[in-house]
Amino acid sequence: MVALYFLFNLGIGLYYKARAGSSVDEFFLSGRNIPWWLAGTSMVATTFAADTPLAVTGLVATGGIAGNWFWWCFAASGMLTVFFYARLWRRSGVMTDIEFSEIRYAGRPAAFLRGFRALYLGIPINCIILGWVNKAMVDILTLILGVTKLQALMIVLVMIALTSSISTLSGLWGVLVTDVFQFIVKMGMVIALAVYAVRAVGGIDAMKAKLLVVDAGRGGQGSVLDFFPNLNSAHELAWMPVITFFVYISLNWWATWYPGAEPGGGGYIAQRMFCARDEKHSLLATLWFNVAHYAVRPWPWILVALTSLILFPGLKDPETGYVRVMIAYLPPSLRGLMVAAFAAAYMSTIATQLNWGASYLVNDFYRRFVKPSAPAKHYVTVSQLATILLTLVSAVVTFYLDSIAEAWKWLVVTGAGTGSVLLLRWFWWRINAWSEVSAMIAAFVVSLTLKFGFHMNLDDPRGFAWIMIITVAITTCVWLTVTFLTAAEPQSLLLAFYRKTRPSVGGWRPIAKLAPEIQPVSDGLRNFIDWIAGLVLIYGILFGTGKILLHEVGLGLALLVCGLLGGAVIYFDLSRRGWKVVSE
C-alpha cells in the first residue's frame with residue numbers, strides 16, 4: 001500500500017513537470033488559474049500534517065478537550081482573512097506575501113523588510129516547521145518499525161527526497177493535485193482509527209465512565225470532556241487554567257504569527273489565494289479551508305486522544321499515545337493504509353513547505369537582491385536547489401526537537417504582538433516599514449528574555465499565558481511608538497497601493513481624497529456580520545458534532561442548527577450584495 005501510494009504521487013509529479021518548468025509563475029502559483037475547491041482543499045491537506053494528530057493528543061492529555069483552544073481560537077483569525085483580506089490579497093497581484101512589503105512600503109526599509117523576512121521565514125522558521133513535521137514521522141516510524149531515532153530519521157530523509165523530487169518536478173501544480181488525493185486517504189483512515197479506538201474501550205458511554213477515573217486522579221478539577229474550562233477552578237491540577245483559556249480566546253488569534261493562521265493571511269495560505277482564478281475563488285477557497293480545518297477534521301483525532309488516556313495511562317510522552325493506539329488496536333489489514341495515510345499527511349505538508357520556502361528564497365531574496373535579470377529557466381533551477389537546501393537543514397533541526405506542541409508554542413510567543421501590525425497595514429495608511437520591523441524585533445527579544453532571563457516556562461500553561469500577555473503588551477507599545485516617531489510612506493506609493501487593492505476607505509481617507517475616481521469601499525459592518533456568522537458556523541458544527549458523538553444528541557442538534565444558521569446568513573448576505581460587488 002505504501003509503495004503504491006508513493007508511485008502514484010511520483011506519477012503526478014512527472015505529469016505536471018513540463019507545465020511547472022515553463023515559468024516561475026507556473027512553478028509557484030500554477031498560472032493563477034486554480035478553482036476554489038482545489039485551492040481550499042490543498043490548504044486543508046497542508047495543515048493536516050503527520051504531527052497534527054500527535055500534537056492534539058498531547059494537548060488533550062495535558063488540557064483535556066479544552067486544550068484544543070490553543071488552535072481552535074485561530075478560527076477567528078481565519079474568518080477575518082475570509083471576509084476582510086482574501087480579496088485584497090488577490091488584488092495585490094504579488095507572488096508571495098513577503099513581496100507585499102515593496103508595494104505597501106518604500107525605499108531601503110521596505111527592501112530590508114522584504115529581504116529579512118524572506119531569509120528569516122524561509123530558512124529558520126520554515127525549517128522549524130519542517131522539523132516538527134519530520135519529528136512526528138520519526139516518532140511514528142520508531143514505534144511502528146521498532147527502529148532507533150537515527151534509523152527512523154534516515155527513512156524520513158528518503159521520504160523527503162521523494163517528496164522533494166515531486167515538488168521540484170511539478171511545482172505547485174503537483175502539490176495541489178496530490179493534496180486532494182492525500183486528504184481523502186488520511187481523513188478516511190483517521191475516522192477508521194477513531195472507530196476502532198472507541199470500540200477498544202467499550203464504546204462512547206464506557207469511555208466517558210472510565211474518563212471519570214482519569215478526572216479523579218487530577219483532583220476532580222473539571223473534566224477532560226469539558227469543551228470549556230471550569231471558570232470557578234483555580235486549582236493547579238485543573239485541566240485548563242482560566243488565565244490560559246482567556247489568553248487563547250483574547251490574544252492568540254489576532255496578536256501572533258502562526259503558520260496557516262497568520263493574522264490577515266500569509267504564508268502558504270496567501271500562496272493559495274494568489275493562485276486562485278479570481279477574487280471570488282480566493283474568498284471561497286479560504287472559507288472552505290476554515291470550515292474544513294476547524295469544524296470537520298478535529299473529532300477523529302480527539303476521540304483517539306481520549307481513548308489513549310485510558311488504554312495507555314501515564315505515558316512519559318503523551319503525544320505517542322495516538323500511534324500506540326494505532327499499533328495495538330487497528331486491524332493488520334488496515335495498518336498499511338494507515339501508514340500510507342501518515343505518509344500522505346506528511347508529504348502534503350512537506351511538499352507545500354518546501355515550495356513555499358523556496359518561493360521566499362528565490363522570489364524575495366535571490367531574484368530581488370542577487371540576480372534580478374535572468375531567464376525564467378534559471379530561476380526554476382535555483383528554486384529546485386533551494387528546495388534541496390531546505391530539506392537538508394530541516395533534517396538537522398528534526399534531530400534536536402523534543403516536543404511538537406512545544407515547538408508550536410515557541411512560534412506563537414516569538415511572534416506575539418506582531419499580529420496587530422499585519423492586520424492594520426491594509427486598513428491604516430500611517431503604518432510604515434519600521435512598524436513591522438520594530439514589531440518583529442521586539443516580539444523576538446521580549447519573548448526570549450522572559451523565557452531565558454526570567455525563566456518563564458512555556459510548558460506551564462500559566463507561564464505561557466504570562467509570556468503572551470507581557471510580550472504582546474510591550475511589542476504593541478514599541479511598534480506604535482516607532483510608527484509615530486518615523487515618517488509615513490511616500491504619498492505617491494500609498495496612492496498607488498490604494499488604487500490597486502481598494503481597501504476600506506475608513507483608515508485611508510487622506511489618501512482616498514486624492515483618488516476620487518476610485519469608488520470608496522465601506523463594507524466593514526457587513527463583513528463584520530459575516531465574520532460573526534462564520535464563527536457561529538464553525539463553532540456550531542464543531543461543538544454540535546462533538547456533543548452528538550458523546551451521546552448528547554439534543555444539545556448537539558441544537559448547536560448544529562445554530563451553525564447552519566450562521567452559514568445561511570453568509571450565503572444570503574453574499575448573494576444579496578452580489579458577487580460582482582463582493583469580489584471586485
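Description of the structure in this document. (Residues numbered from 1 in each chain as written. Predicted model: local features only at pLDDT ≥ 70, side-chain atom pairs only at ≥ 80, totals over all residues. Heavy atoms only, no water.)

## Examining the overall build of the chain
Within the chain, the regular secondary structure consists of 27 helices and zero strands. Its C-alpha radius of gyration of 23 Å places the chain within 12% of the 25 Å reference for a compact globule of 584 residues. With the C-alpha coordinates of the chain rotated into their principal frame, the extents come out at 70 × 55 × 55 Å. Across the 584 residues in the chain, those meeting the buried criterion constitute 60%. A fraction of 81% describes how many contacts in the chain between residues 6 or more apart in sequence connect residues 24 or more apart. (Helix = DSSP H or I, 4+ residues; strand = E, 2+ residues; numbered from the N terminus. Rg over C-alpha atoms; globule rule 2.2 N^0.38 Å. Buried < 20%, exposed > 50% of the residue type's maximum accessible area, 1.4 Å probe, protein only. Contact = heavy atoms within 4.5 Å.)

## As for the pattern of salt bridges
Applying the stated criterion across every chain yields a total of eight salt bridges. The partner of Asp-573 in a salt bridge is Arg-576, and the shortest N-O contact between them spans 2.9 Å. Taken together, the residues Asp-573 and Arg-576, both in helix H26 (residues 553-577) and three residues apart, mark about one turn of the helix. A relative accessible area of 58% places Arg-576 in the exposed class. (Salt bridge = Lys/Arg side-chain N within 4 Å of Asp/Glu carboxyl O.)

## Focus on the side chain of Thr-483
Inspection of the secondary structure assignment puts Thr-483 in helix H22 (residues 461-485). Residue classification places Thr-483 among the buried positions, given a relative accessible area of 0%. Separated by 2.6 Å, the side chain of Thr-483 and the backbone oxygen of Trp-479 make a polar contact. Those residues in contact with Thr-483 that lie beyond four places of it in its chain are Arg-430, Ile-431, Asn-432 and Ser-435. (Polar contact = N/O pair within 3.5 Å; in protein donor to acceptor, adjacent residues only side chain to side chain.)

## Digging into the packing of aromatic side chains
Considering all chains together, one arrives at 36 aromatic pairs under this definition. A centroid spacing of 6.5 Å and a plane angle of 65° characterise the contact between Phe-312 and Tyr-329, whose relative ring orientation is edge-to-face. Linking Phe-312 in the loop between helix H15 (298-311) and helix H16 (321-329) with Tyr-329 in helix H16, this pair joins segments that are 17 residues apart in sequence. Classification of Tyr-329 as partly exposed rests on a relative accessible area of 34%. One aromatic cluster is present, built from ring pairs that chain together Trp-69, Trp-72, Phe-227, Phe-228, Phe-245, Phe-246, Trp-299, Tyr-539 and Phe-543. Over the ring of Phe-497 we find Arg-104; its NZ or CZ atom is 5.7 Å from the centre of that ring. (Phe/Tyr/Trp six-rings, centres within 6.5 Å; stacked < 30°, edge-to-face > 60°. Lys NZ or Arg CZ within 6 Å of the ring centre and 35° of its normal.)

## Focus on the environment of Val-521
Its location among the elements puts Val-521 in the loop between helix H24 (509-512) and helix H25 (524-549). Linking Val-521 and Gly-506, residues 15 residues apart in sequence, is a C-alpha distance of 8.5 Å. Those residues in contact with Val-521 that lie beyond four places of it in its chain are Arg-502, Pro-503, Ser-504 and Val-505.

## What about a nonpolar patch on the surface?
Judged by side-chain polarity, Leu-525, Phe-528, Ile-529, Ile-532, Val-536 and Val-569 come together as a nonpolar surface patch covering roughly 510 Å² of accessible area. Per-element accounting of the nonpolar patch gives the leading share, five residues, to H25. (Patch = residues over 30% accessible without salt bridge, like charges linked within 9 Å, V, L, I, M, F, W, Y side chains within 5 Å. Areas by Shrake-Rupley, 256 points an atom, 1.4 Å probe, with all protein chains shown as cover.)

## Focus: the side chain of Asn-126
Take Asn-126: it is sitting in helix H9 (residues 107-145). Setting aside residues no more than four positions away along its own chain, Asn-126 makes contact with Leu-121, Gln-353, Trp-356, Gly-357 and Leu-390.

## Some points on helix H11 (residues 204-216)
When the terminal C-alpha atoms of H11 are compared, their 19 Å separation across 13 residues agrees well with the 18 Å that a helix rising 1.5 Å per residue should span. Ile-204, Met-207, Leu-211 and Asp-215 are the residues of H11 that are buried. In an axial view of H11, the angular spread of the buried residues amounts to 85°, which keeps them on one side of the axis. For H11, the exposed residues lying more than 90 degrees away from the buried face are Leu-212, Val-213 and Ala-216. (Expected span 1.5 Å × (residues − 1). Arc of directions from axis to C-beta.)

Distances and angles like these do not, on their own, reveal function.
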